[in-house]
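Given next are the chains, with one letter for each unit.
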Amino acid sequence: MLFRSVDELLATHLLEPATPGPDGVPRYQFHDLVRAYCRDTDRQLDPTGYRTLVAWSVALTAHANQGIKPRAQYTLVAETAAGLGPDVRTRIVAEPRTWAAAESATLLAVLDLAARLDLRQAAAALLISLRVPLVRLDLLDHCARAAAQVEHLAGTDPVLRLCAALVGATAALHRGRYADVVRTLTEVRPLLGEVDAVLRADVLNKLGDASER
């Protein structure tokens, strides 16, 4: 379905081929005239399109994350991600780390979009899925900034608060700021009984690692 839609957009000249990314996957861009038209149109678009974009971004990032560091999936991610067919899994994220490197800027832009649209659950799901790829790519500043965005949205939601704390603490840990990690995760530790086992274990493991150091 996805690739048929791309072919249709190419046939009507709404998309045009672009240089393949570092992962070798073909990429496309909007024609200059399409971008010019969109800049002058009403920005009050159907929010369903935004939600679909974010849900696909969550699903693809989570799939790439599994390829980089296989693990049990967070409940939040499972509830928020779009379904991926086998064709998408094999053709888009065949090389997960290379794919994440090529798409990191786009995924961070989608996270920013989700935060601005107050799609809190989706923003947190994308954040927690990006944690490992951003660290492996040494994008620690981006990691910390994205965590701060979700922390701002979290309010009293324990899952969102823990996701933001875990990602922020991960960035601090890789910078050697162990005391900051302990302080951050100790503050949210009372919330652990309200989240799934995977998130709880990750927070406790990170807290124990920082405390030992």
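Keep in mind that this is a model prediction, so the values were computed, not measured.

**Some points on the overall build of the chain**
Across its full length, the chain holds eleven helices and two strands. Put simply, the chain runs from its N terminus to its C terminus through helices and strands in the order α-β-β-α-α-α-α-α-α-α-α-α-α. The contacts of the chain with a sequence gap of at least 6 include a subset with a gap of at least 24, amounting to 67%. Counting only carbon and sulfur atoms, one obtains 54% of the accessible surface of the chain, whose full area is about 11,600 Å².

**Observations regarding the environment of Arg120**
Topologically, Arg120 is positioned in helix α7 (residues 120–136). For Arg120, a relative accessible area of 37% translates into the label partly exposed. As for Arg120 and Val150, which are separated by 30 residues in sequence, their C-alpha atoms are 7.4 Å apart. Not counting the four nearest positions on each side in its chain, Arg120 is found in contact with Leu153 and Leu160. Of the polar contacts made by the side chain of Arg120, one reaches the side chain of Asp118; its length is 2.8 Å.

**Observations regarding helix α11 (residues 197–212)**
When the terminal C-alpha atoms of α11 are compared, their 22 Å separation across 16 residues agrees well with the 22 Å that a helix rising 1.5 Å per residue should span. Buried residues of α11: Val198, Leu199, Asp202, Val203, Lys206, Leu207 and Ala210, and no others. Down the axis of α11, the buried side of the element spans an arc of 165 degrees, and every buried residue falls inside it. Facing away from the buried side of α11 by more than 90 degrees, the exposed set consists of Asn205 and Glu212. On its buried side, α11 packs onto α7, α9 (158–174) and α10 (178–188). Sitting at the amino-terminal end of α11 is Asp196, which places a side-chain oxygen 2.9 Å from the backbone nitrogen of Val198.

The rules behind these values
Residues numbered from 1 in each chain as written. Predicted model: local features only at pLDDT ≥ 70, side-chain atom pairs only at ≥ 80, totals over all residues. Heavy atoms only, no water. Helix = DSSP H or I, 4+ residues; strand = E, 2+ residues; numbered from the N terminus. Contact = heavy atoms within 4.5 Å. Areas by Shrake-Rupley, 256 points an atom, 1.4 Å probe, with all protein chains shown as cover. Buried < 20%, exposed > 50% of the residue type's maximum accessible area, 1.4 Å probe, protein only. Polar contact = N/O pair within 3.5 Å; in protein donor to acceptor, adjacent residues only side chain to side chain. Expected span 1.5 Å × (residues − 1). Arc of directions from axis to C-beta.

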